[in-house]
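Topology and contacts: notes
Spelled out, the chains give:
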Amino acid sequence: MNAPDRYERFVVPEGMKKVAYERDMKVMNAATFTVEREDHTIGNVIRMQLHRDPSVLFAGYKLPHPLQYRLVIKIQTTSQSSPMQAYNLAITDLTKELDHLKAAFEQETSQKQAEYY
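An unreviewed UniProt entry lists the protein chain under the name DNA-directed RNA polymerase RBP11-like dimerisation domain-containing protein, with Ceratodon purpureus given as the organism. Under Subcellular location (unreviewed entry), UniProt gives the following word-for-word description of the protein chain: "Nucleus".

This next bit is on the overall build of the protein chain. When you go through the protein chain residue by residue, the secondary structure sums to 2 helices and 4 strands. Start at the N end of the protein chain and walk to the C end: the helices and strands fall as β-β-α-β-β-α. A compact globule built from 117 residues would reach a C-alpha radius of gyration of about 13 Å, whereas the protein chain, at 18 Å, exceeds it by more than 25%. C-alpha extents for the protein chain along the principal axes are approximately 65 × 50 × 25 Å. For the protein chain, the residues scored as buried account for 25% of the 117 residues in total. Here the analysis covers contacts within the protein chain between residues at least 6 apart in sequence; of these, 53% occur between residues at least 24 apart. Put simply, the protein chain shows about 8,800 Å² of open surface, and 55% of that area lies on carbon and sulfur atoms.

Our focus in this paragraph is the nonpolar core. Within the largest apolar cluster, 14 residues are counted, with the highest numbers of intra-cluster contacts made by Phe-33, Ile-46, Leu-50, Val-56, Ile-73, Ile-75 and Tyr-87. Broken down by element, the residue count for this core peaks at 4 residues, all from helix α2 (residues 83–116). Those residues in contact with Ile-73 that sit more than four places away from it in its chain are Ala-31, Thr-32, Phe-33, Val-35, Ile-46, Leu-50, Gly-60, Tyr-61 and Tyr-87.

Here we have 4 strands laid out as an open sheet, ordered β1-β2-β4-β3, and antiparallel in their pairing. The two strands at the open ends of the sheet, each matched to only one other strand, are β1 (19–23) and β3 (56–62). Sheet twist, expressed as the mean angle between neighbouring strand axes with direction ignored, is 15°. In this sheet, strand β4 (residues 70–77) lies alongside strand β2 (residues 30–36) in antiparallel orientation, the contact comprising 7 bridges. By the bridge assignment, Ala-30 is partnered in β4 with Gln-76.

Counting buried positions over the 7 residues of β2 gives 7, a clear majority of the element. Note: β1 against β2, 5 bridges, orientation antiparallel. Pairing of Glu-22 across the sheet is with Thr-32, part of β2. Connecting β1 to the antiparallel partner β2 that follows it, the hairpin turn spans 6 residues, and Asn-29 within it adopts a positive phi of roughly 50°.

Okay, the UniProt feature "domain: DNA-directed RNA polymerase RBP11-like dimerisation" (unreviewed entry) in the protein chain next. Within the UniProt annotation, "domain: DNA-directed RNA polymerase RBP11-like dimerisation" (unreviewed entry) is assigned to residues 30–102. Summarising residues 30–102: 45% helix, 30% strand, and an end-to-end C-alpha distance of 33 Å.

Cut-offs used in this document
- Residues numbered from 1 in each chain as written.
- Predicted model: local features only at pLDDT ≥ 70, side-chain atom pairs only at ≥ 80, totals over all residues.
- Heavy atoms only, no water.
- UniProt positions renumbered as here; feature names shortened; annotations may be inferred.
- Helix = DSSP H or I, 4+ residues; strand = E, 2+ residues; numbered from the N terminus.
- Rg over C-alpha atoms; globule rule 2.2 N^0.38 Å.
- Buried < 20%, exposed > 50% of the residue type's maximum accessible area, 1.4 Å probe, protein only.
- Contact = heavy atoms within 4.5 Å.
- Areas by Shrake-Rupley, 256 points an atom, 1.4 Å probe, with all protein chains shown as cover.
- Core = buried A, V, L, I, M, F, W, Y, C linked by side-chain atoms within 4.5 Å.
- Pairing = 2+ DSSP bridges.
- Axes fitted to C-alpha atoms, helices over the stretch in contact; angles between N-to-C directions.

What follows is the structure, given as structure tokens:
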């Protein structure tokens, strides 16, 4: 079959960066981030987190091709911030939210296990 191997969906090849940054020369305070080996799940979460930031004017993503596991995120910010700062803040905030969700889940499951055993 012509389909790529399954591991190619999530394993970043040696020598390739996970995230690449490219400044947009046509639009002020805009940039493109290319994230390797990710899909709509991560793209939509990052986009929604970027929309929560008041300094972000535009945030969008696309997958260039269904068989290429590459996510392209475009960000435009106000003059008070840069796209790199907005991206880093979004990733940091998402990490905190997921850590909190994990801790709450583990606490609830341990309580339920204690009730049943």
